[in-house]
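Residues per chain are reported as follows:
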Amino acid sequence: QVQLVESGGGLVQPGGSLRLSCATSGFTFSFYAMRWYRQAPGKERESVAVITSAGSSTNYADSVKGRFTISRDNAKKTVYLQMNSLKVEDTAVYYCNTYVQGRERWGQGTQVTVSS
């Protein structure tokens, strides 16, 4: 079955960096665009970044543009989110996402907390 497993979250100080990973299985990873979303307490889930199936094109939310980088390794069936210059307002649960076999697919999420 389709599985997405995020990792790499944690506690970091403002200005710091984290790299999130999302390992996948159960589908042909290289065929599908992948996305990262986040959800902060009391807020709706929002799209952060998207990457096309071959990795040739990316797009970012304005709030993270220039600070976050989405990438993928199709051989490892993994998508990454490099987060630099983190801000307190980046605190959220981060989820990877794709649309496979007619359904949205989500991982369990990984908590990112930015605090001094």
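Cut-offs used in this document
Residues numbered from 1 in each chain as written. Predicted model: local features only at pLDDT ≥ 70, side-chain atom pairs only at ≥ 80, totals over all residues. Heavy atoms only, no water. Pairing = 2+ DSSP bridges. Helix = DSSP H or I, 4+ residues; strand = E, 2+ residues; numbered from the N terminus. Buried < 20%, exposed > 50% of the residue type's maximum accessible area, 1.4 Å probe, protein only. Phe/Tyr/Trp six-rings, centres within 6.5 Å; stacked < 30°, edge-to-face > 60°. Lys NZ or Arg CZ within 6 Å of the ring centre and 35° of its normal.

Undergrad: Residues and numbers for the pairing of strand 3 (residues 18-25), please.
TA: Note: strand 1 (residues 3-7) against strand 3, five bridges, orientation antiparallel. Counted as the bridge partner of Q3 is S25 from strand 3. The pairing of strand 3 with strand 8 (residues 78-83) spans six bridges and is classified as antiparallel. Bridge pairing in strand 8 places C22 opposite V79.

Undergrad: Can you explain the pairing of strand 9 (residues 92-100)? Please cite residues and give values.
TA: In summary, the side chains of a regular strand alternate between the two faces of the sheet. Burial of strand 9 is extensive: seven of the nine residues sit out of reach of the surface. Two elements, strand 4 (residues 34-39) and strand 9, share five bridges in a ladder whose sense is antiparallel. When the sheet's bridge partners are listed, Q39 is paired in strand 9 with V93. Of the strand pairs in this sheet, strand 9 and strand 11 (residues 110-114) are connected by three bridges, and their pairing is antiparallel. Directly across from V93, in strand 11, lies its bridge partner Q111.

Undergrad: Please set out the packing of aromatic side chains residue by residue, giving values where relevant.
TA: The description of two aromatic rings rests on the distance between their centres and on the angle between their planes. With the rule as written, the count across this model stands at four aromatic pairs. Taking 5.7 Å as the distance between ring centres and 70° as the angle between the ring planes, the aromatic pair formed by F27 and Y32 counts as edge-to-face. On the accessibility criterion, F27 (7% relative accessible area) is buried. Taking 6.3 Å as the distance between ring centres and 90° as the angle between the ring planes, the aromatic pair formed by Y95 and W106 counts as edge-to-face. A residue pair is termed long-range when its members are at least 10 positions apart, and Y95 in strand 9 and W106 in strand 10 (residues 103-106) qualify at eleven residues. The exposure class assigned to Y95 is buried, which follows from its relative accessible area of 13%. Among the aromatic residues, those joined into a cluster by ring pairs are F27, F29 and Y32. Above the plane of the ring of W106 lies R45, whose end atom (NZ or CZ) is 4.5 Å from the centre. Between the NZ or CZ atom of R72 and the centre of the ring of F29, over which it lies, the distance is 4.2 Å.

Undergrad: Explain unusual backbone geometry to me, using residue names and the numbers behind them.
TA: For S85, which is not glycine, the phi torsion reads 50° and is therefore positive. Take S85: it is sitting in the loop between strand 8 and strand 9. For S85, a relative accessible area of 40% puts it in the partly exposed group. Positive phi, close to 55°, is recorded for Q101, a residue that is not glycine. Mapped onto the fold, Q101 is located in the loop between strand 9 and strand 10. Owing to a relative accessible area of 58%, Q101 belongs among the exposed residues under this scheme.

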